[in-house]
Amino acid sequence: MMIFYTFSPPFTMHWRRLCCVLLALTLLAYEGKSQALATIKTSSSQVERPSADVTISGRVTDATTNEALAGCSVVLKGTQRGTTTDANGDYRIAVPEGNAVLVFGFIGFVSQEIAVGNQSTINVALKASASELSQVVVIGYGSAAKKDMTGSVKSIKSADFNKGIINSPEQLLQGKVAGVNVTSASGEPGGAQNITIRGPGGVRTGSTPLFVLDGIALDNSSTGGTSNPLNFLNPQDIESIDVLKDASATAIYGSRGANGVVLITTKKGKSGFSTFNVSSSLGISNLTRALPVYSADEYRRQVPAVGGVLEDFKASTDWQKEITQTAYTQNHNVSFGGGAEKLTYYGSFGMQDQDGILKNSEFKRYTGRINVSQKFMEDRLNVDVNLNATSTYSRRPPVESLLGGAISANPTLPAYDANGEPFKYQSGVNPLIPLKLEKDVTTINRVIGNISPSFKITNDLVYKLNLGVDNSSSVRDLQSLPNAVPLQDGRLETIYKTNRNVLIENYFTYTLSTTKHNLTALLGHSYQKIFVQERSSSINKFPISPIEPIYNPGLGQDLTLANNRPGGYALENELQSFFSRVNYQFNDKYLMTATVRADGSSKFGSNNKYGIFPSFSVGWRLSEEAFLKSGPFSDLKLRAGWGQTGNQEIPSKITQALFTSQVSATTSYPLAPTGPYPAGTSYSRLANPDIQWEVSSQTDIGLDFALFKGALSGSVDYFRKVSNNILLEVIPADPVQPAGTFWTNVPDMTITNQGVELDLNYRYANLNGFRFDIGGNVTFIDNEVKNSPYTVIPSGSASGSGLTSATINGYVNGQPIGTFFLKEFTGFDDKGISTFRDVDGDGIVTDKDRVAVGSALPTKQFNFNSNVAYKGFDLAVNFNGVSGNKLYDNTANSNFYKLRLSKGLNTTPEAIQYAKESINNSAPVSSRYLKNGAYLRLNNLSLGYNLSPKLLGINRWVSGIRLSATGQNLFVITKYDGYDPEVNTDRTVNGISSYGIDYLSYPKAKTFVLGLNLTF
């Protein structure tokens, strides 16, 4: 691993300590293992074994392709003694003479048991499970074989995850699942990720699916700061991710399954042998592409050319280069696992230190995990314990002001003065000054764990308890340092947040299996309580000193309540649910699944607190029919399903009455025509006990197939999802209503997502060890809003001088969510002033003339990947892209037009693309800045080599060595001329979700990662 330390920046003290810890753990593990082996040999030779051990060696291969199977487990039956095959499929194991039996096991293949007898060499060819149909898929409150699934479910194993610098589980999935669109809202380390499964179905609810980690349904609300709440999870700990897409699969989660469900399963130990793994990587990131603002020489030519007055400071500064940096990311992980017949365990420690490509931007994560499973009472009682602890630290500069300053600052200005300090000038602010003065730091500590005992009451009936707790606490400091030039008093604001999620579930599972009939029935109860609290305090006017306010708030001099009033809020939500599911199979050909869940939420009024969410699906395995047995299909299954899921994303307690005792003209009842308002209590919101669940009904028809012994496989799905009873905040018709708005269900309004998904994979392998896999998926999807009682529901607030209060998006009948509702730009008049289409023909262009000019939602999502392997080498490549969508370039709208260039602010050539435009022309929100958002990205390219420890003579201690090189975001093909087309700046208006707006978004990076993985 020392090779990586050569390339990395100078280590700080905690890196040195970590390296020492890793080295010590490795030596202790080896020493302990050697001592244990010595003890076993001594005790066994003296007591247990009447004869000496013999060494068995051999090679494990794929029976179909003759390809070596690396990592296959080889265990001496009835003992804890075992090993794994190396990169060439070779193994060596010592067994006692006599009746020894070896068990060979590998995921996706049928296990074999072979009696050793007098053999010294045993070569094994494992048969793959037919089309991997025996692959286990997690489906919520249980699991099922892939061949028995009747819903639309996609399972991604860790070997197929995206590689590189990964901060959250969504990034592992990008491009891997049809119908799932993952968008990085920005390139900020630890920044938010947007994930949509089969399109958004609500006006204000966003599109985030429900995430379930090892049986704990996570709360999607923020845990503090602006980072992604899923950053707490170490990607190295994830074994698989299962995506439930249709209502048949998601209805078991009822209220929160409307946007789909993502089930995350972490790694567990395996009985029979132990492993110890150490991995390290170093990533180097740079700005992918800068905005093409004018260089100093071009600026000197262009400002006078448009009639501006040039201020030339004789320098030549690339401001985007000044605020960015080459960023380094270090990632180190240690994991261990193993077990015996009754006990298995897995543990890990991880550390990630990631610098952002903008200066003063970084993200650090420290994780620890332990998963244990223990059997008791002759295996009738099984107890699973999962515990994860994470501490994250994120620091971010003032991104919008930093980028805004860099792309508009005069490039003839010097960046630094003679003393090496940021140059100060009268005509503006050096972008490096706020970089020095502003700091936004968030620390989050999160502990999540659950204990899940299951008791086998009879051979057919199992009771399981799932008790989980997810607790996070965060501190966010927003600091502005005091400064003389420019004058700034200094301020510190601190925000404390607590998010606690408690889950208690009890459920019974009954199974019945006969020759032709297989039945699994589930019945359970769930209770979940979520508590969120936030408190804030601030202090102003700090003296200029070497001590930052964040370290001594007591230095603040402005303690007035008017400027530093404490703030905060608290909310509590409760969910109680009853759920059941029945899976039935007849003759392994005819399949049926029925689910019903009743959810009660404290968010709703007493009249409609509970919602009932049913689903039903069937499947027919045609490949098991006699008339297709001799055909080319190794698997052919037709499935269809219908179901309903719910949505409860409204503010807490909004259905209850709210009172105020404030004395004012708008809150007090006048008792006399003159005089002061009397003190008292009055309504500020009336109760509404009739609000009910927003419901999504979904139909799915799918076909799964595999041909040529599983070499070619895939699926086709048609889906239609209709959301009704839309939850919305509206203006009351009653003028006496005390509140300006109130929440209700819009009964006839619907949001429809429908489309087709195609997933296809091909696998080829020959006898020489060459393997080639290629696969991909494409989704065609349409979204439409119908029967809205409003002409437009506005969203997407614009930013920039003169753009305040303007909106960009609109929810319009007959159009998709995310529609851009804008004035249509038609050119310029004879004075060079912008003109727009007069839709109603009244001779005046107003907001009434806005029209739908495209949507931010893509109509096509396409992804493809390929893997090539030969001997110890392997190469993986992943592409992803979208089309049919638009983006609104709010950055260009507020910065790149001729008027700004004439005022001495820098722009791109976009500002002068229209020769007729006047320098007095403003740039209002319009279709002028609406751009094509389609792209194709080389998201991931990874080259790996599995080095044989045997060749190095260390196979006695090391079972695997892997070297890898990975490139992320290597190139993107797009017509969009912003930083990156994969963007979604949050410009929500009154809780109404916005889409496809780019405003000074944190740029994405191009990254190269070198990695080393050692397995002991």
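Just so we're clear, the structure is a prediction, and the values are computed from it rather than from any experiment.

On a plain count of helices and strands, the protein comes out with 11 helices and 51 strands. A compact globule built from 1016 residues should have a C-alpha radius of gyration of about 31 Å, and the protein, at 31 Å, falls within 12% of that. Dimensions of the protein, computed from C-alpha atoms along their principal axes, come out at roughly 100 × 70 × 60 Å. Burial analysis of the protein (1016 residues in total) assigns 51% to the buried set. Within the protein, counting contacts between residues at least 6 apart in sequence, those at least 24 apart form 70% of the total. Side chains of the protein give 91 positive and 85 negative charges; the mean places of these two sets differ by 4 Å.

This part is about the nonpolar core. Counting 52 residues, the largest nonpolar core has Val203, Ile808 and Tyr888 as the members making the most contacts within it. Among the elements that make up this core, the one with the highest residue count is helix α7 (residues 399–408) (5 residues). Among residues more than four places away in sequence, those in contact with Val203 are Ile726, Leu728, Met749, Ile751, Tyr811, Ile992 and Ser993.

Extensive coverage of strand β15 (residues 238–244) is indicated by the burial of 6 of its 7 residues. Pairing geometry for strand β10 (residues 153–157) and β15, over 5 bridges, is antiparallel. Across the sheet, Ser155 pairs through a bridge with Asp242, a residue of β15. Bridging between β15 and strand β16 (residues 261–266) involves 6 bridges; their strand directions are antiparallel. Each bridged residue has a counterpart across the sheet, and for Asp242 the counterpart in β16 is Leu263.

Take the pattern of salt bridges next. Under the counting rule described, the total for this entry stands at 41 salt bridges. In this structure, Lys529 and Glu572 form a salt bridge, with 3.6 Å as the shortest nitrogen-oxygen distance. Taken together, the residues span a long stretch of sequence, with Lys529 in strand β25 (residues 517–540) and Glu572 in strand β26 (residues 567–586) at a distance of 43 residues. Note on Lys529: relative accessible area 31%, which makes it partly exposed. For Asp704, the salt bridge goes to Arg639, with nearest N and O atoms at 2.9 Å. Residue Asp704 is located in strand β32 (residues 694–707), and its partner Arg639 is located in strand β29 (residues 633–647); the two are separated by 65 residues in the primary sequence. Pair check on accessibility: Asp704 and Arg639 agree, each one buried. Taken together, the shared-partner salt bridges connect Arg198, Lys245, Lys637, Arg639, Asp700, Asp704, Asp717 and Glu757 into one network.

On to the side chain of Ser855, then. Relative to the helices and strands, Ser855 resides in strand β43 (residues 851–855). Polar contacts involving the side chain of Ser855 include one to the main-chain carbonyl oxygen of Ile817, which spans 3.1 Å. Excluding its chain neighbours within four sequence positions, the residues that come into contact with Ser855 are Pro816, Ile817, Gly818, Thr819, Phe820, Gly884, Asn885 and Lys886.

Averaged over all residues, the pLDDT of the protein equals 85, while 92% of them reach at least 70. When the criterion is pLDDT under 50, residues 1–51 qualifies, and its contacts beyond four places in sequence or with other chains add up to 45 contacts.

The next point concerns the sheet that holds β16. One open sheet accounts for 5 strands, arranged β10-β15-β16-β13-β14; its pairing is mixed. Unpaired on one side and paired on the other, β10 and β14 (216–217) mark the two borders of the sheet.

This brings us to the packing of aromatic side chains. Evaluation of the coordinates by the stated rule reveals 20 aromatic pairs. Ring geometry for Phe276 and Phe1016: centres 5.8 Å apart, planes at 50°, overall tilted. Note that Phe276 is positioned in strand β17 (residues 275–287) and Phe1016 in the segment after β51 (1005–1015), a separation of 740 residues in sequence. A ring pair is formed by Phe613 and Trp693, whose centres lie 5.6 Å apart and whose planes are at 80°; its orientation type is edge-to-face. Remark: Trp693 occurs in the loop between β31 (682–685) and β32 and Phe613 occurs in strand β28 (residues 610–621); sequence separation between them is 80 residues. Assessed through its relative accessible area of 3%, Trp693 is described here as buried. One aromatic cluster is present, built from ring pairs that chain together Tyr141, Tyr253, Tyr507 and Phe579.

Okay, helix α5 (residues 296–305) next. Residues Ala296, Tyr299 and Val303 constitute the buried set of α5. Buried residues along α5 cover an arc of 45° about the axis, so they all sit on one side. Structural note: α5 exposes Arg301 and Ala305 on the side pointing more than 90 degrees away from its buried face. In this structure, the buried side of α5 is in contact with α10 (898–902).

A few words on the sheet that holds strand β4 (residues 90–96). The 3 strands lie next to each other as β4-β1-β7, forming an open sheet whose pairing is mixed. Whereas interior strands pair on both sides, the edge strands pair on one side only; in this sheet they are β4 and β7 (124–126). Between one strand and the next, the sheet's axes are offset by a mean angle of 35°, whatever the strand orientation. Across 3 bridges, strand β1 (residues 53–62) lies against β7 in parallel orientation. Residue Thr61 lies in a different strand from β7, and its bridge partner there is Ala125.

All right, on to the environment of Ala594 then. With respect to the helices, strands and loops of the structure, Ala594 is situated in strand β27 (residues 590–601). With relative accessibility at 25%, the residue Ala594 sits in the partly exposed group. Spatially, the C-alpha atom of Ala594 lies 24 Å from that of Asn725, the residues being 131 residues apart in sequence. When residues no more than four places from it in sequence are discounted, the contact partners of Ala594 are Ser580, Arg581, Val582, Ser615 and Phe616.

The next thing to look at is the pairing of strand β11 (residues 180–184). With 5 of 5 residues buried, β11 is to be regarded as a mostly interior element. Across the two faces of β11 the burial is the same, with Val180, Val182 and Ser184 and Asn181 and Thr183 all buried. Judged from the 5 bridges that link them, β11 and strand β12 (residues 193–197) form a sheet pairing that is antiparallel. Looking at the pairing, Thr183 lines up with Asn194 of β12.

Once that is clear, we can look at the environment of Asn878. Along the chain, the position of Asn878 falls in strand β45 (residues 873–883). Considered as a pair, Asn878 and Lys860 are 18 residues apart in the sequence and their alpha carbons are 17 Å apart. Once you skip the residues sitting within four places of it in the chain, Asn878 turns out to touch Asn162, Lys176, Phe864, Asn865, Arg937, Leu938, Asn939 and Asn940. Among the polar contacts made by the side chain of Asn878, one reaches the side chain of Lys176 at a distance of 2.7 Å.

Our next topic: unusual backbone geometry. In this structure, Pro486 follows Val485 across a cis peptide bond, with omega equal to -5°. Phi at Asn360 is positive, roughly 65°, even though this residue is not glycine. Since its relative accessible area comes to 29%, Asn360 is described here as partly exposed.

Now for a nonpolar patch on the surface. A cluster of nonpolar residues, Tyr590, Trp620, Phe627, Leu638, Ile701, Leu703, Val716, Tyr718, Val756, Leu758 and Phe780, forms a patch on the protein surface that exposes about 900 Å² of accessible area. At the level of elements, β32, β33 (712–724) and β36 (750–765) are the ones that each hand at least two residues to the nonpolar patch. Its location among the elements puts Leu638 in strand β29. For Leu638, a relative accessible area of 37% puts it in the partly exposed group.

Once that is clear, we can look at the side chain of Thr390. Mapped onto the secondary structure, Thr390 falls in strand β21 (residues 381–396). At 2.7 Å, the side chain of Thr390 forms a polar contact with the backbone oxygen of Phe232. Ignoring any residue separated from it by four or fewer positions in sequence, one finds Thr390 in contact with Phe232, Arg365, Tyr366, Thr367, Ile444, Asn445 and Arg446.

Assignment of secondary structure puts Asn445 in strand β22 (residues 438–456). Note on Asn445: relative accessible area 38%, which makes it partly exposed. Residues Asn445 and Ile433 lie 12 residues apart in sequence; the distance between their C-alpha atoms is 31 Å. Aside from chain neighbours lying at most four places away, what touches Asn445 is Thr390, Ser391, Asn471, Ser472 and Ser473.

The rules we used
- All residue numbers refer to positions counted from 1 along the written sequence of the respective chain.
- The predicted origin of the model limits local features to residues at a pLDDT of at least 70 and limits the giving and counting of side-chain atom pairs to 80 or more, whereas totals for whole chains, interfaces and linings rest on all residues.
- As a rule here, side-chain values come from all non-hydrogen atoms in the structure, and water together with hydrogens is ignored.
- Where helices and strands are cited, they refer to DSSP runs of H or I of at least four residues and of E of at least two residues respectively, numbered from the N terminus.
- For the radius of gyration, the atoms used are the C-alpha atoms, and the globule rule reads 2.2 Å times the number of residues raised to 0.38.
- For every residue, the accessible area obtained with a 1.4 Å probe (protein chains only) is divided by the maximum for its type, and the residue is called buried under 20%, exposed over 50%, and partly exposed between those limits.
- Residue contacts are counted whenever heavy atoms from the two residues lie within 4.5 Å of one another.
- We score Asp and Glu as negative and Lys and Arg as positive, and we do not count His or the chain ends.
- The atoms used to mark charge sites are NZ of Lys, CZ of Arg, CG of Asp and CD of Glu.
- Definition of nonpolar core: a set of buried residues of the types Ala, Val, Leu, Ile, Met, Phe, Trp, Tyr and Cys, connected through side-chain atoms within 4.5 Å.
- Pairing between strands requires that DSSP locate at least two bridges from one strand to the other.
- By definition, a salt bridge exists where a carboxyl oxygen of Asp or Glu is found within 4 Å of a side-chain nitrogen of Lys or Arg.
- In protein, a polar contact requires one atom able to donate a hydrogen and another able to accept it; more generally it is a pair of N or O atoms within 3.5 Å, and residues adjacent in sequence count only if both atoms are side-chain atoms.
- pLDDT measures the predictor's confidence residue by residue and takes values from 0 up to 100.
- Two rings belonging to Phe, Tyr or Trp (six-membered ring only in the last case) form a pair when the distance between their centres is within 6.5 Å. Interplanar angles under 30 degrees mark stacking, angles over 60 mark edge-to-face geometry, and anything in between is tilted.
- It is the directions from the helix axis to the C-beta atoms whose arc is reported.
- Axes here mean lines fitted to C-alpha atoms, for a helix over just the part in contact, with angles spanning 0 to 180 degrees between N-to-C directions.
- By definition, no residue in a patch forms a salt bridge, and every one has over 30% relative accessible area; like charges are joined within 9 Å, nonpolar side chains (Val, Leu, Ile, Met, Phe, Trp, Tyr) within 5 Å.
- Using the Shrake-Rupley algorithm and a 1.4 Å probe, accessible areas are obtained, with residue cover drawn only from the displayed protein chains.

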